Amino acid sequence: MITIEFNGKPEAIAEKMTLREFLEGKKLTNPHLILELNGEIFSKDAFSSASPELKEGDCLNVFSLVGGG
């Protein structure tokens, strides 16, 4: 197991887990999500087969846009 920070809280995950696998496990598959990985906005490639593997200490934040007026 490794530990990452997800939305400000520590979370233990399996080693060799990709960003895509993590998001799918959390049921976060909306293509309109904004992903921040280690301080950088992550592209839509998060859901592709080339999704990066998460590493010990990674910091992931997930945001959704909300419309309104």
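Residues numbered from 1 in each chain as written. Predicted model: local features only at pLDDT ≥ 70, side-chain atom pairs only at ≥ 80, totals over all residues. Heavy atoms only, no water.

Draft legend 1. Up close: the pattern of salt bridges. This structure, assessed with the given rule, holds 3 salt bridges. Here Lys26 and Glu11 are joined by a salt bridge, their closest N and O atoms 2.7 Å apart. Highlighted residues: Lys26 in the loop between helix H1 (19-25) and strand S3 (33-37) and Glu11 in strand S2 (residues 9-13), separated in sequence by 15 residues. Note that Arg20 is salt-bridged to Glu24, the shortest N-O span being 3.1 Å. Placement of the pair is Arg20 and Glu24 together in helix H1, with a separation of 4 residues, close to one helical turn. Residue Arg20 is classed as partly exposed on the basis of its relative accessible area, which comes to 31%. (Salt bridge = Lys/Arg side-chain N within 4 Å of Asp/Glu carboxyl O. Helix = DSSP H or I, 4+ residues; strand = E, 2+ residues; numbered from the N terminus. Buried < 20%, exposed > 50% of the residue type's maximum accessible area, 1.4 Å probe, protein only.)

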